[in-house]
Amino acid sequence: MKHLICILFVAMISVSTFAQQTSLENILKLKDGKYVFEEIVSVPDATATQLYGKAKLFFANVFNSSKSVIQSDDADNTTIIGKGTVVNKEDQGYGGIYYNFTLQIQTKDGKYRYTISDMNLEMTGLAPMKSTIEESIERWMKKGSTEIDGAKGYYEEISPLIEKMKQQILISNDDNW
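Residues numbered from 1 in each chain as written. Predicted model: local features only at pLDDT ≥ 70, side-chain atom pairs only at ≥ 80, totals over all residues. Heavy atoms only, no water.

Caption draft 1: Structural view of the overall build of the protein chain. Counting its regular elements, the protein chain contains 5 helices and 7 strands. Reading the secondary structure of the protein chain in the N-to-C direction produces α-β-β-α-α-β-β-β-β-β-α-α. A buried classification covers 34% of the 177 residues belonging to the protein chain. For the protein chain, contacts bridging at least 24 residues in sequence account for 55% of all contacts bridging at least 6. Working note: accessible area of the protein chain is about 11,200 Å², and carbon and sulfur atoms make up 54% of it. (Helix = DSSP H or I, 4+ residues; strand = E, 2+ residues; numbered from the N terminus. Buried < 20%, exposed > 50% of the residue type's maximum accessible area, 1.4 Å probe, protein only. Contact = heavy atoms within 4.5 Å. Areas by Shrake-Rupley, 256 points an atom, 1.4 Å probe, with all protein chains shown as cover.)

Pasting the structure below:
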């Protein structure tokens, strides 16, 4: 019985690790020489205007000041572009680790596309450093690894934001109160 539980536990870990890696493989794309995370998300029965409104709420709910984050807000083309930062670690007086990016959300009837681009890692403090996702991937590939290995750190930091976005840009029955 103990062996069966142990085998099931290892199988669950393997499946969740594979699912996460597969997810990254599905959204990592090379566009114009730059790596981006991009996905088209289907939201049946939603209009472009509804999804655009939800995207605006997402920016307002997730970022401290959506006005300072949003760089372009085009209601006619239902597109929003913003610049954001995910803070990995911030030590008082010793600097921090920050993942900076540009997030574009475009909506159409029944779907939206998010594109996360211009990703870079910035470390401040005693040993400041700045590195783009392209530089990270290049370093990993020189070691014989894959693009996925090089992008994994960025994905692990940004994926909670992606999941939050997907949760908030949903159309539910509660929206028609």
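Caption draft 2: Fine view of the nonpolar core. Grouped together as the largest cluster of nonpolar side chains are 37 residues, with contacts concentrated most on Phe37, Phe58, Phe101, Leu103, Ile105, Tyr114 and Ile116. Those elements that provide at least two residues to this core are α1 (2-27), β2 (34-42), α2 (48-62), β4 (79-91), β5 (95-108), β6 (111-123), α4 (133-142) and α5 (147-168). Look past the residues within four positions of Ile116 in its chain and what remains in contact with it is Val36, Phe37, Phe101, Thr102, Leu103, Ile158 and Ile162. (Core = buried A, V, L, I, M, F, W, Y, C linked by side-chain atoms within 4.5 Å.)

Caption draft 3: Here's a closer look at the packing of α4 against α5. Here α4 crosses α5 at 135 degrees, and the two axes come no closer than 7 Å. In this view, α4 runs oblique relative to α5, as classed from their interaxial angle. For α4 against α5, the interelement crossing comes out right-handed. Residues Ile133, Ser136, Ile137, Trp140 and Met141 of α4 form the contact with α5, whose participating residues are Glu147, Asp149, Gly150, Ala151 and Tyr154. (Axes fitted to C-alpha atoms, helices over the stretch in contact; angles between N-to-C directions. Parallel < 35°, antiparallel > 145°, perpendicular 65-115°, else oblique. Left-handed = near helix turned anticlockwise from the far one by under 90°.)

Caption draft 4: Up close: the confidence of the model for the protein chain. When pLDDT is averaged across the protein chain, the result is 83; 84% of the residues are at 70 or more. Taken together, the stretch residues 1-22 has pLDDT below 50 and engages in 3 contacts with residues farther than four places along the chain or on a different chain. (pLDDT = per-residue confidence, 0-100.)

Caption draft 5: Representation of the environment of Gly96. As for its position among the elements, Gly96 is in strand β5. Taking relative accessible area as the criterion, Gly96 reaches 7% and is therefore assigned buried. The spatial distance from the C-alpha of Gly96 to the C-alpha of Gly125 is 6.7 Å, given a sequence separation of 29 residues. Setting aside anything within four residues of it in sequence, one finds Gly96 in contact with Lys89, Glu90, Glu122, Met123 and Thr124.

Caption draft 6: Geometry of the side chain of Ser117. Inspection of the secondary structure puts Ser117 in strand β6. You can call Ser117 buried: its relative accessible area is 18%. Ser117 has contacts with Val36, Phe101 and Thr102, leaving out every residue within four places of it along the chain.

Caption draft 7: Region of interest: the packing of aromatic side chains. A complete count under the given rule lists 5 aromatic pairs for this structure. With a centroid separation of 5.7 Å and 70 degrees between ring planes, the pair formed by Phe58 and Phe59 is classed as edge-to-face. Summarising the burial analysis for this pair, Phe58 and Phe59 share the class buried. By the ring-pair criterion, three or more aromatic residues cluster together here, those being Phe58, Phe59 and Phe63. (Phe/Tyr/Trp six-rings, centres within 6.5 Å; stacked < 30°, edge-to-face > 60°.)

Caption draft 8: Structural context of the pairing of β5. Burial analysis of β5 places 10 of its 14 residues in the buried class, which makes it a mostly covered element. Summarising the sheet, β4 and β5 pair through 12 bridges and their orientation is antiparallel. Opposite Lys83, over in β5, you have Thr102 as the bridge partner. Direction of pairing for β5 relative to β6: antiparallel, over a ladder of 11 bridges. Within β6, the residue paired with Asn100 across the bridge is Asn120. Between β5 and the antiparallel strand that follows it, β6, lie 2 residues; Gly110 among them carries a positive phi value of about 85 degrees. (Pairing = 2+ DSSP bridges.)

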